[in-house]
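What follows is each chain in one-letter form.
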Amino acid sequence: MRFEALIELHHDELYHYLRRMTAGSTCDAADLTQETWLRAWGAFDRLRPNSNARAWLYRIATNCALSASRSGRREIPLQEDQDVPDEARTPLEQLEHGEELALVLEKVGALPPRQRAAVLLRYGQELRYSELACVMRCSEANARANVSLGVRRLRRELEVT
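Overview of the structure. The structure presented is a predicted model; accordingly, all values stated were derived computationally and were not measured. (Residues numbered from 1 in each chain as written. Predicted model: local features only at pLDDT ≥ 70, side-chain atom pairs only at ≥ 80, totals over all residues. Heavy atoms only, no water.)

**Notes on the overall build of the protein chain**
- Along its length, the protein chain carries seven helices and zero strands.
- N-terminal to C-terminal, the α/β element order of the protein chain is α-α-α-α-α-α-α.
- A buried classification covers 40% of the 161 residues belonging to the protein chain.
- Taking as baseline every contact in the protein chain between residues at least 6 positions apart, the subset at least 24 positions apart corresponds to 66%.
- Looking at the protein chain as shown, the accessible area adds up to about 9,700 Å², and 51% of this sits on carbon and sulfur atoms. (Helix = DSSP H or I, 4+ residues; strand = E, 2+ residues; numbered from the N terminus. Buried < 20%, exposed > 50% of the residue type's maximum accessible area, 1.4 Å probe, protein only. Contact = heavy atoms within 4.5 Å. Areas by Shrake-Rupley, 256 points an atom, 1.4 Å probe, with all protein chains shown as cover.)

**What about the packing of helix α6 (residues 129-136) against helix α7 (residues 140-160)?**
- Interaxial distance between α6 and α7 falls to 8 Å at its minimum, and their mutual angle equals 95 degrees. Regarding the angle of α6 to α7, the classification is roughly perpendicular. On the side of α6, the interface is formed by Tyr129, Ser130, Leu132, Ala133 and Met136, while α7 contributes Glu140, Ala143, Arg144, Asn146 and Val147. (Axes fitted to C-alpha atoms, helices over the stretch in contact; angles between N-to-C directions. Parallel < 35°, antiparallel > 145°, perpendicular 65-115°, else oblique.)

**Description of the environment of Arg122**
- Here Arg122 shows up in helix α5 (residues 113-124).
- Relative accessible area serves as the criterion here: at 25%, Arg122 is assigned to the partly exposed category.
- Along the sequence, Arg122 and Ala143 sit 21 residues apart, while their C-alpha atoms lie 9.3 Å from each other.
- Setting aside chain neighbours within four positions, we find Arg122 in contact with Leu127, Arg128, Tyr129, Leu132 and Val147.

That is the geometry; function is a separate question.
Below, the structure written as structure tokens:
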């Protein structure tokens, strides 16, 4: 596969993943997306032909995000793009849905970085546990544990609110 094809296929989804990993910061997400592509370009010749390129890219993106988190890059409160109004919902229902979504995204943004990555990769990017384990460089059991701990923490936080 050509490198340009990887960019065309995965740029937007990596950017949105990194935006959530950086608590909604469009600037940080753009920087991390660029850093991800630079690192990927530098390592592209080592990517085996039959390997899972998507998981490989998510591993690079996750490492970039976790490194940024450890180095203390600033985080801006999570702000999701505005939803397109759903014609089937009343204005009140649309408002309530937006408020609920904002609360969930805020709580996801507050998870510890590895749990946040695991939850976002599993449910936001729909990676299988085998892919998630590859991205996070851990066993499938550990990947499942990170997702489970993150979801449990979210449930606890959302019940209190």
